Amino acid sequence: MLYNQLKTKISSLVNQSINTEKTLFKICEILRSKISYYDWVGFYFKNGSKQELKLGPYAGLDTEHKIIPFGKGICGQVALTNKNFVVPDVKKQNNYIACNINVKSEIVVPIFVDGKNIGQIDIDSNILNPFSKRDEEFLEYVCAKVATLL
Ligand code: SME
């Protein structure tokens, strides 16, 4: 139920958006505050023509990883594979960039515009293995909505 309510809320925020940056920030804040195991929520976008991601709006602790080269970390891998990446336990990943010491798991879902992977939503959780197919489906919905703004 919560997910359906959130979908409705996000859909109306996107439809009424007059400032993409602010809307993306609001989405981050809503997801972080309403879903108990979403502890850091942010958007990364392809940085112009460079083979790297640049941090966009986010909610949660500050991170020093404002730029991530393609291929590095979970985010950088998703930039290349175009696929969702669910990490139940970050300690078991070799190619992982730690954002802060509290993070135990992560999910990254790509954003497609005209079939091109132009960025992603990245969620960190401070608990182990919290993400299910439901999160993937929900975040795919969020990314599809966000794509209409970009
Ligand atoms: N953990 C990510 C880096 C970004 S932070 O989580 C904000 C990664 O491995 O790509």
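This text goes with the structure placed above it.
Residues numbered from 1 in each chain as written. Predicted model: local features only at pLDDT ≥ 70, side-chain atom pairs only at ≥ 80, totals over all residues. Heavy atoms only, no water.

Draft legend 1. Spotlight on helix α2 (residues 20-34). The terminal C-alpha atoms of α2, which comprises 15 residues, lie 21 Å apart, in line with the 21 Å expected from a rise of 1.5 Å per residue. Every buried residue belonging to α2 is among Thr 23, Leu 24, Ile 27, Cys 28, Ile 30 and Leu 31, and all of these are buried. For α2, the angular spread of buried residues about the axis comes to 165°, placing them on one side. What points out from α2, more than 90 degrees from its buried face, is the exposed set Glu 21, Lys 22 and Ser 33. (Helix = DSSP H or I, 4+ residues; strand = E, 2+ residues; numbered from the N terminus. Expected span 1.5 Å × (residues − 1). Buried < 20%, exposed > 50% of the residue type's maximum accessible area, 1.4 Å probe, protein only. Arc of directions from axis to C-beta.)

Draft legend 2. Spatial organisation of the site of the ligand. Taken together, Trp 40, Tyr 44, Ile 68, Gly 73, Ile 74, Cys 75, Tyr 96, Ile 97, Cys 99, Glu 106, Asp 122 and Asp 124 make up the full set of residues near the ligand. In the model, an oxygen atom of the ligand is placed 2.9 Å from a nitrogen or oxygen of the Ile 74 main chain. Contact with the protein chains covers 100% of the free accessible surface of the ligand, which is 300 Å². Secondary structure elements with two or more residues in the shell around the ligand: β1 (40-46), α3 (73-81) and β6 (116-125). (Near = heavy atom within 4 Å. Polar contact = N/O pair within 3.5 Å; in protein donor to acceptor, adjacent residues only side chain to side chain. Areas by Shrake-Rupley, 256 points an atom, 1.4 Å probe, with all protein chains shown as cover.)

Draft legend 3. Geometry of the pattern of salt bridges. Counted under the stated rule, the structure contains four salt bridges. Here Lys 7 and Glu 137 are joined by a salt bridge, their closest N and O atoms 2.9 Å apart. Of this pair, Lys 7 sits in helix α1 (residues 2-15) while Glu 137 is found in helix α4 (residues 133-147), placing the two residues 130 residues apart along the sequence. Classification of Glu 137 as partly exposed rests on a relative accessible area of 41%. Taking the shortest distance from any N to any O, the salt bridge between Asp 62 and Lys 66 comes out at 3.0 Å. (Salt bridge = Lys/Arg side-chain N within 4 Å of Asp/Glu carboxyl O.)

Draft legend 4. Up close: the nonpolar core. Grouped together as the largest cluster of nonpolar side chains are 30 residues, with contacts concentrated most on Ile 27, Leu 31, Tyr 38, Phe 43, Ile 121, Phe 138 and Leu 139. Those elements giving two or more residues to this core turn out to be α1, α2, β1, β5 (105-113), β6 and α4. With six residues, α4 is the single largest residue contributor to this core. Setting aside residues up to four positions removed in sequence, Tyr 38 forms contacts with Leu 31, Arg 32, Ile 123, Asp 124, Phe 131, Asp 135, Phe 138 and Leu 139. With 15 residues, the next largest nonpolar core counts Leu 55, Val 87, Val 103 and Val 108 among its residues. (Core = buried A, V, L, I, M, F, W, Y, C linked by side-chain atoms within 4.5 Å. Contact = heavy atoms within 4.5 Å.)

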